[in-house]
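Residue strings, one per chain:
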Amino acid sequence: MKHTKASGDLMQGTLDLLILRTLALEPQHGWAIAKRIEQLSRTALQVQQGSLYPALYRLEERGWIQGQWKTGEGARPTKVYSLTVKGRRQLAEERARWEQISAGINLVLGAGEEAQ
Amino acid sequence: MSWRRLWNVARRQRRDREAQVEMADFLAREAEARQAAGAAKQEAARQAAIALGSAERWREEAREARGMPWLEIAGREMAMALRGLRRSPGLAIAAVLMLGLGIGATSAAFGLVERVLLQPLPYAQAQNLVKVQLTAPGAKLDNLLIGPADYLFFRDHSRAFQSLGIYQTDAASVRLSATPQKVASMDLTPDLLPTLGVEPRLGRTFSPADATPHAPLVVLLSDAFWRKQFGGDSSVVGRQTEVDGKPATIIGVMPAGFSVLDHTETLLYEPLGFDPAKVGLGNFSWNAIGRLRPGVTLAAANADANRMLALVMQTYPPPDGYSLATFAQARIASSLRPLKDAIIGSTARLLWMVLGSLGLVLVIVCANTAGLLLVRVEGRRHELAIRTALGASRSRMAALLVAESVWLGIFGGLLGLGVADAGLHALVAAAPQGLARLPEVHMDGWAVVFTLGLALGASLLLAIGPALRVERLAERPNLREAGRGLSASRARLRTRNALVVVQVALACVLLTAVGLMLRSAMALAQVNPGYDRSQPIAVVRISIPDADAPGARAEFAMQRRIFDALSALPGVSAGLASTAPMDGNRMMDPVYVQNRTPAGSSLPAVRVFHYISPGYLQAMGIPLLAGRDMTWQDAADLRPVAMVSAAFAREYWKTPAEALGHQIRVTGNDDWREIVGVAGDVHEQGLDQPAPAEVYWPLLAAHFEGSALNEPGGVIAVVRATNAGTAAFSAALRQAVWSVDRNIPLAATTTMAHYYDASLAQTRFTMSVLGLAAGMGLLVGIIGLYGVLAYAVAQRRRELGVRIALGAAPAGLMQAVVRQGLGLAALGTLLGLLAAGFAARLLASLLYGVLPGDPATFAAVALAMLAIAALASALPARTASRVSPLEALRAE
């Protein structure tokens, strides 16, 4: 309940949802998450790097995702994020909420068209 | 707690490092991807950096996203601000010193106001306590105390009062060793202490039985007396001692810090009682404190008291020699005052004046510091512009500047606490005697809270200017222009100029107030007190024990022997009298003049009474204007004689000489007494009060105020001698008195100079406080003016250099700077004098012999301000005229 306020924010909530959804497929590092979101949305959604990392840290702070440092791949250490159990539950919730909202919006938009 | 904080800090540092690594990882991957897409290596890195955006902003947002606690953010800003201030220590020290002084001085004044005016009296439910006093418009008397008859009747028949007690200060002779000791005492009715709601710390307080006429004497000790004389010994209760030659039992000790109103000097309390059978009307010489029943208003209590006053007249007989008609003509009415108001009285205005003047200094200091901080922001335009370009948000930079002000406020506040404590002690020490509630003043919690609140308020106020300036700078961050302003733009200087005008104006207000007080003090110093001050005059109170001189005759005889003993001292002139001028004691009653019946049914005017021995007028140096002095024979033979002051004589006759031979008396049954001499006027109630009409009576008189043989009892001896006031002289004086009677207790010897100084004390105190405030305000204000001019000259260095190179006369440049300085000072002075016109009216009751709108003072202040401003402008002007064109251009 503590963080319901943040998920009411559409923009921030949307990015959170996208990150959670991306990580639901497999653990990823930051750059890959950004690219993945761009790919999945067929580059319709450009992720601002300035907001990606803050979002990652925020989600980590809330315990929805978990970062782990990997040094295997070459000399450069990389932080790989994965979804936690809590995060998985949150994803389901966010998704339900998103569908509810988008259904609502669609209804309104559709109703407008019918009225014309 | 500290471990947790340490851990938090460690965690934050680790996270910052990790974020750094992650950012590098991102940059590398983005660059690789772009390179893979065909970009050149360097171009790929550049594009990656653009994709990442501002590193600084990125770091900020990353931190904030992790929910960094606001306290930590504030802490970081504060730390950064502290580093910034340390880079310009001169400014920081100047600002902290000024703020510390300003805050400290204001807080010291607040400490006074808070303790004296705002704190409730130290009694239970003090809001229900009232001072019971009367007015007698028919006798032109205000603030009349009450008489025993009023007390007895009020006590037994009041509806409005829950209880009521009366008291009178006294002096008691206590014998704890071989020689009796004179101590300040108080006679009070048994119901006074319960009225105040006070319990003793040991033993019991007085019971009604203790105050009956033949009850054995019992006394209460003050805490201070108990500690000093009995070492705080609890077994003191029940101990026997000797008070005024009578055996007395100590029944209790009052709690520490207790005093009846301001009578902290009281060491001993004695019960006071009246025999209702012997009480008559009049004798309005008792202080009364009443406790109203809960919910009773002052108006209702006054109505109740007036109802009772009418009944008192029907219940008690008038004193001998007076008729009931006399009392009816006086039209006595109740005039209750809340006890606190009655105590504070005129002190309130004085203290608000102190707070106001020192508060003005703080405003001047704040205006000055604000000017300094504005200069600092201007000087940092370059730095701020760079930080803006690097992505620091405006609010961050504003926060940084606020944090700097807060630091100044914190240090200023801490310094202010020290200054306030010292200042409060200084104020209390310098305050005139008799200032209400002063003994209890010290820095308490409220004063500390006020000081810190003031510091915080001042620092936030100071931050407004720079923070707004940053907003404007941030709107157009122009790196190229920053730090290289050609000539100071008008808009930029306007705020600083306004601040300087405010400083000059307020300093001007303070200076005018000082000027007026100075004129008052000078006028007071010119007042002839009426007695001769050219030589010191020792004053000592002499109370002859009843046991050693029973009856008026015996007392008079002993007084004569004391007079002879004192007069035998080498090189002295001595006299005895009931009271000394300006000593705060005075007796007064209406005086009838034969064949001069007052019009209608009114009473004759009330006159100040003195009972004097021959030689008193001479010893005091009060001139004899007509007739002769009293003689010992006059008194011994009970001749009906009297003397009057010149003011009295002039009121009825044209010249003092014409008063001789006329007859006066106090009551209808008295003998008429012939005026045998007229003395010069004396400023009996202080230099600032007009000399009243006075009457001098002999020490011994028959048929006087209803008594067959009248003797004033306690007298003071006045002794004029070149070495009066020295310890050796006081010792000789004591020996002379004790050569007559070893049992006479002597209070400390004082001098007329002491009373004279006390009479000037309030004016001098006001002048010193205002002088200090004006000095500080003027200094700071002038430094502010100097600062603005010096800064303007420094900013225009290049322009001035060019002008000089082009042949401008240095004198012309000097004039321009001085003109600017004088312009600001003139505007400030004009506004200041206007404000001073209002401020002076508030000061009016403290002024003497000078009008609040005194043109000479205002003109002098204006001239002084302009002269000082011209001086302050001279230095920057000289700098301006000596700018070397080569140097100025090279400096760029």
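None of the values given here were measured: they were computed from a predicted structure.

Let's talk about the overall build of chain A
Right, on to step 1. Across its full length, chain A carries five helices and three strands.
Right, on to step 2. Each helix and strand of chain A, ordered N terminal to C terminal, gives the series α-α-β-α-α-β-β-α.
Right, on to step 3. Here chain A, with 116 residues, has 40% of them falling under the buried criterion.
Right, on to step 4. Accessible area of chain A: about 7100 Å², with a carbon and sulfur share of 55%.

Digging into the pattern of salt bridges
Residue and element names in this part refer to chain B.
Right, on to step 1. Counted according to the given criterion, the structure contains 25 salt bridges over all chains.
Right, on to step 2. Across the pair Arg-204 and Asp-210 runs a salt bridge whose closest N-O atoms are separated by 2.8 Å.
Right, on to step 3. The closest approach of N and O atoms between Asp-854 and Arg-519, which form a salt bridge, is 3.2 Å. With a gap of 335 residues between them, Asp-854 in the loop between helix H25 (810-843) and helix H26 (855-881) and Arg-519 in helix H16 (residues 490-526) connect regions that are remote in the sequence.
Right, on to step 4. Among the ionic contacts, a cluster of salt bridges with common partners joins Arg-628, Asp-634, Asp-637 and Arg-639.

Section: the sheet that holds strand S3 (residues 141-144) of chain B
Residue and element names in this part refer to chain B.
Right, on to step 1. Read across the sheet, three strands follow the order S3-S2-S12 without closing on themselves; strand pairing throughout is antiparallel. A single partner strand is all that each edge strand has here, and the edge strands are S3 and strand S12 (333-334).
Right, on to step 2. Here two bridges tie strand S2 (residues 134-136) to S3, and the two strands are oriented antiparallel to one another. Across the sheet, Leu-134 pairs through a bridge with Leu-144, a residue of S3.

Quick word on the packing of helix H6 (residues 148-157) of chain B against helix H9 (residues 298-315) of chain B
In a pair of packed helices, the angle between the axes and the distance between the axes together describe the arrangement.
Residues and elements named next belong to chain B.
Right, on to step 1. Look at H6 against H9: their axes get within 10 Å of each other, and the N-to-C directions meet at 120°. Considered as vectors, H6 and H9 are oriented oblique to each other. The handedness of the crossing between H6 and H9 comes out as right-handed. Contacts from Ala-149, Asp-150, Phe-153, Phe-154 and His-157 in H6 reach Ala-305, Arg-307, Met-308, Leu-309, Leu-311, Val-312 and Thr-315 in H9.
Right, on to step 2. Taken together, the residues that form the contact of H6 with H9 break down as eight nonpolar, two polar and two charged.

Observations concerning the confidence of the model for chain A
All names here are of chain A.
Right, on to step 1. Chain-level statistics for chain A give a pLDDT mean of 74 and a share of 72% at 70 or above.
Right, on to step 2. Between the elements of chain A, mean pLDDT differs from a low of 35, seen in helix H1 (residues 4-8), to a high of 86, seen in strand S3 (residues 78-83).
Right, on to step 3. Low pLDDT, under 50, characterises residues 1-10; the predicted model gives this stretch eight contacts beyond four residues in sequence or across chains.

Quick notes on H9(B)
All names here are of chain B.
Right, on to step 1. Here H9 is 18 residues long and its end C-alpha atoms lie 25 Å apart, about the 26 Å a rise of 1.5 Å per residue gives.
Right, on to step 2. Among all positions of H9, only Ala-301, Asn-302, Asp-304, Ala-305, Met-308, Leu-309 and Val-312 are buried. Projected onto a plane normal to the axis of H9, the buried residues spread over an arc of 160° and lie on a single side. For H9, exposure combined with an orientation more than 90 degrees from the buried face picks out Ala-299 and Gln-314.
Right, on to step 3. Buried residues belonging to H9 abut S2, H6, strand S4 (161-175), strand S11 (287-292) and S12.

Calculation rules
The written sequence of each chain sets the order in which its residues are numbered from 1. Each chain is given a letter, starting from A, and each ligand a number, starting from 1, according to the order in which they appear as written. Restriction of local features to residues with pLDDT of at least 70 applies here, the model being predicted, together with a cutoff of 80 or more for giving and counting side-chain atom pairs; totals for whole chains, interfaces and linings are based on all residues. Neither water nor hydrogens contribute to the side-chain values; these are computed over all heavy atoms in the structure. In this text, helices come from DSSP runs of H or I with a minimum length of four residues, and strands from runs of E with a minimum of two, each type numbered from the N-terminal end. Exposure categories follow from relative accessible area, calculated using a 1.4 Å probe and restricted to protein chains: below 20% of the type maximum is buried, above 50% is exposed, and the middle band is partly exposed. What sets the accessible areas is the Shrake-Rupley method with a 1.4 Å probe; for residues, cover comes only from the shown protein chains. In the sections that follow, a salt bridge refers to a side-chain nitrogen of Lys or Arg positioned within 4 Å of a carboxyl oxygen of Asp or Glu. Paired strands are those between which DSSP finds at least two bridges. Lines fitted to C-alpha atoms define the axes, with helix axes restricted to the stretch in contact, and inter-axis angles between N-to-C directions lie between 0 and 180 degrees. Each angle receives one of four descriptions, namely roughly parallel if under 35 degrees, roughly antiparallel if over 145, roughly perpendicular if within 65 to 115, and oblique otherwise. The crossing is said to be left-handed when, going from far helix to near helix, the turn is anticlockwise and less than a right angle, and right-handed when the turn is clockwise. Note on definitions: a residue-residue contact is assigned when non-hydrogen atoms from the two residues lie within 4.5 Å. Each residue receives one of three labels: charged for Asp, Glu, Lys and Arg, nonpolar for Ala, Val, Leu, Ile, Met, Phe, Trp, Tyr, Cys and Pro, and polar for the others, Gly being one of them. The predictor attaches a confidence to each residue, called pLDDT, with possible values from 0 through 100. Expected span, for any helix, means 1.5 Å times one less than how many residues it has. The arc in question is traced by the directions running from the helix axis to the C-beta atoms.

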